[in-house]
Amino acid sequence: MEFYGKLCRKTYRIMIDKDYKNNFANEGELRSYLSKEFDIPTRLAWTIISEIKGRLEALKEENRYLLRVIDKELYKLDKDISGLEKSVRKLKEKSNKGKLSEQGLESLRRKKHRLYWLRNKKNKKRQKRDWIKEHLNSGEPFRMGFGSKRLFKAQFHLKENGYKDHKDWYEDYQFYRDHNVASMGAAAQTSGNQLSTLYYNKENGTYNLRLRKFDSKIKGKERYVWAENIRISYLEKEIRKVVQKKVLKPLYHRFVRSPKGYYLHISFDLDCPKTRESGYTSVCGLDYNDGFIELAVSDLKGNLIYQDHVKLVFHGTGNRAKTEMQQKINEIVKLCKKNNWELV
């Protein structure tokens, strides 16, 4: 995992460099460079390039979303500031005429203080919005930290975060920074993945995993590491079809390390049924929670046109709770029929 983390950071540095396109005509050349430079299989090089590329694209999308959030926050701040300014202006006029009580003067001071901080907050958000816009328009990649930002900042406050010294912090940071290994598969390969291959055990319904070592020079049986009797509970039937070659699909494996042990995440494409139009112009969706049902209705464009908070008095799985929920659902169904809403 440390070696994989090092390769990811190296690839990231190459891809954000200004001379990246001059040094490498395409991703194929970068793959060949990584494969020769570090003696790794080409499939692993592809995995690392895809991961870094995906992370950089995700950062772009995250900042585009952040722009929309900041615009909404600025709109609300403008409204709050405008309302406070009017209130402060009126109180000041009364104060100048000596018509304000001690309580009124205290209210004026509080509002002026709040107005100052709201303007300050607005200025910071506007600066952040301008920086994101400028960065997106420039086309430059966003900077990315490996390991969490919270853990990285902990080195500046060691005692507060429970660390004896910087070495103690660095060991923890290194553990979480290099905590995963990914393996990209292909449909034509055995069990949908060449580097990390699953084999099904008919006797007990478990899987044996064969992981290929990263060093391409190692040959024979020594180039593999085995993990046996792995149980897969979620979507196991779909994964078994790929492993037994009944369906040709790539399996994307990711090994994640935590203080409790190692976890295997398997990703693949599901064959979803084709979508169809229902004929309704409005859709009612329900969200069940502890003590209430949240109801929301949207039109064809996804705009919210109605919502309701349906309270539930009784809790648990008893008869009273079941009866109450049935009554509330009955009312909701009648409401949907009356307004011609499709119920989801």
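Use the structure listed above.
These remarks concern the structure in this document. Everything numeric here is computed off the predicted structure, so don't read it as measured data.

## Considerations on a positive patch on the surface
Okay, step 1: On the surface, a cluster of positive charge is contributed by Lys86, Arg89, Lys90, Lys94, Lys97 and Lys99.
Okay, step 2: Mapping Lys94 onto the fold places it in helix α4 (residues 42-96).
Okay, step 3: Note on Lys94: relative accessible area 45%, which makes it partly exposed.

## Examining α4
Okay, step 1: Along its 55 residues, α4 runs 78 Å from first to last C-alpha, staying within 8% of the 81 Å computed at 1.5 Å per residue.
Okay, step 2: One or two positions beyond α4, positive phi appears at Gly98, with a value near 75°.

## Thoughts on the packing of aromatic side chains
Okay, step 1: Inspection of every chain in the model, using the stated rule, returns 15 aromatic pairs.
Okay, step 2: For the ring pair Trp169 and Tyr170, a centre distance of 6.1 Å and an interplane angle of 50° mean the geometry is tilted.
Okay, step 3: The buried category is assigned to Trp169, whose relative accessible area is 3%.
Okay, step 4: Among the residues examined, Tyr170 registers a relative accessible area of 35% and is labelled partly exposed.
Okay, step 5: Measuring from centroid to centroid gives 5.2 Å for Phe175 and Tyr176, while their planes differ by 80°, and the two rings are edge-to-face.
Okay, step 6: The partly exposed category is assigned to Phe175, whose relative accessible area is 25%.
Okay, step 7: By relative accessible area, which is 36% here, Tyr176 ends up partly exposed.

## What to know about the environment of Ile293
Okay, step 1: Secondary-structure assignment places Ile293 in strand β8 (residues 292-299).
Okay, step 2: Those residues in contact with Ile293, other than ones at most four positions away along the chain, are Leu286, Asp287, Tyr288, Asp308, His309, Val310, Leu312 and Ile329.

## Considerations on the pairing of strand β7 (residues 282-289)
Okay, step 1: Where β7 and β8 come together, eight bridges link them in antiparallel fashion. Bridge assignment links Asn289 to a residue of β8, and that residue is Phe292.
Okay, step 2: The turn linking β7 back onto β8 is made up of two residues, and Gly291 within it adopts a positive phi angle of 100°.
Okay, step 3: When β7 meets strand β10 (residues 342-343), the two strands line up parallel, connected through two bridges. The residue of β10 that forms the bridge with Val283 is Glu342.

## Considerations on the nonpolar core
Okay, step 1: Ranked by size, the top nonpolar core spans 27 residues in total, and within it Tyr4, Leu30, Ile40, Leu44 and Ile52 carry the most contacts.
Okay, step 2: Breaking this core down by element, the ones donating at least two residues are α1 (2-16), α3 (27-38), α4 and β1 (180-183).
Okay, step 3: Once residues lying within four places of it in the same chain are set aside, the contact partners of Ile40 are Phe3, Leu7, Leu34, Ser35, Ala45, Phe214 and Ser216.
Okay, step 4: Counting 13 residues, the second-largest nonpolar core is a separate cluster that includes Leu67, Ile70, Val88 and Leu91.

## Overview of helix α8 (residues 236-243)
Okay, step 1: Looking only at α8, the buried set comprises Glu236, Ile239, Val242 and Val243. End-on view of α8: buried residues confined to an arc of 120°, all on one side of the axis.
Okay, step 2: Where α8 is buried, its residues contact β2 (196-200), β3 (207-212) and β6 (261-267).
Okay, step 3: After α8 finishes, the residue Lys245 shows a positive phi value of roughly 65°.

## Some thoughts on the packing of α1 against α3
Okay, step 1: At a minimum axis distance of 12 Å, the contact between α1 and α3 shows a crossing angle of 140°. Judged by the angle between their axes, α1 and α3 are oblique. In this structure, α1 meets α3 at a crossing whose hand is right-handed. Contacts from Phe3, Leu7, Lys10, Thr11, Ile14 and Met15 of α1 reach α3 at Leu30, Tyr33, Leu34 and Phe38.
Okay, step 2: Residues that form the contact of α1 with α3 fall into these classes: eight nonpolar, one polar and one charged.

## What to know about the sheet that holds strand β4 (residues 224-230)
Okay, step 1: Pairing is antiparallel in the open sheet, where three strands are placed in the order β2-β3-β4. Sheet topology places β2 and β4 at the edges, where each strand pairs with a single neighbour. Along the sheet, successive strands turn relative to each other by an average axial angle of 20°, direction set aside.
Okay, step 2: Pairing geometry for β2 and β3, over five bridges, is antiparallel. Opposite Thr197, over in β3, you have Arg210 as the bridge partner.
Okay, step 3: Of the strands in this sheet, β2 and β3 are in contact with α8, which crosses β2 at around 105°.

What counts and what doesn't
- All residue numbers here refer to positions counted from 1 along the written sequence of the relevant chain.
- At least 70 in pLDDT is required for a residue's local features to be given in this predicted model, at least 80 for side-chain atom pairs to be given and counted, and no such filter applies to totals for whole chains, interfaces and linings, which use all residues.
- To get the side-chain values, take all heavy atoms of the structure and skip hydrogens and water.
- Like-charged residues are merged into a patch within 9 Å and nonpolar side chains (Val, Leu, Ile, Met, Phe, Trp, Tyr) within 5 Å, provided each residue has over 30% relative accessible area and no salt bridge.
- Computed with a 1.4 Å probe, the accessible areas rest on the Shrake-Rupley method; for each residue, only the protein chains presented here act as cover.
- Put simply, a salt bridge is a Lys or Arg side-chain nitrogen that is within 4 Å of an Asp or Glu carboxyl oxygen.
- Working convention for charge: Lys and Arg count positive, Asp and Glu count negative, and His plus the chain ends are omitted.
- A charge is said to be at NZ when it belongs to Lys, at CZ for Arg, at CG for Asp and at CD for Glu.
- Secondary structure elements follow DSSP: runs of H or I of four or more residues count as helices, runs of E of two or more count as strands, with numbering from the N terminus.
- In this scheme, a residue with accessible area under 20% of its type's maximum is buried, one over 50% is exposed, and one in between is partly exposed, where area comes from a 1.4 Å probe on protein chains only.
- Helix span is expected to be 1.5 Å times the residue number reduced by one.
- Here a Phe, Tyr or Trp ring, Trp counted by its six-membered ring, pairs with any other such ring whose centre lies within 6.5 Å, and the pair is stacked when the planes are under 30 degrees apart, edge-to-face when over 60, and tilted otherwise.
- Whether two residues are in contact is decided by their heavy atoms: any pair within 4.5 Å suffices.
- Pairs of strands are assigned from DSSP output, requiring at least two bridges between the strands.
- By nonpolar core we mean a set of buried residues, namely Ala, Val, Leu, Ile, Met, Phe, Trp, Tyr and Cys, connected to one another through side-chain atoms within 4.5 Å.
- Arc definition: directions from the helix axis to the C-beta atoms.
- Axis lines are fitted through C-alpha atoms, for helices just across the contact stretch, and the angle between N-to-C directions can take any value from 0 to 180 degrees.
- Should an angle fall under 35 degrees it is called roughly parallel, over 145 degrees roughly antiparallel, and 65 to 115 degrees roughly perpendicular, with every other angle called oblique.
- Here a crossing is taken to be left-handed if its near helix is turned anticlockwise relative to the far helix by less than a right angle, and right-handed if that turn runs clockwise.
- Asp, Glu, Lys and Arg are counted as charged, while Ala, Val, Leu, Ile, Met, Phe, Trp, Tyr, Cys and Pro are counted as nonpolar; the rest, among them Gly, fall into the polar class.

Any link to function would need more than the numbers given here.
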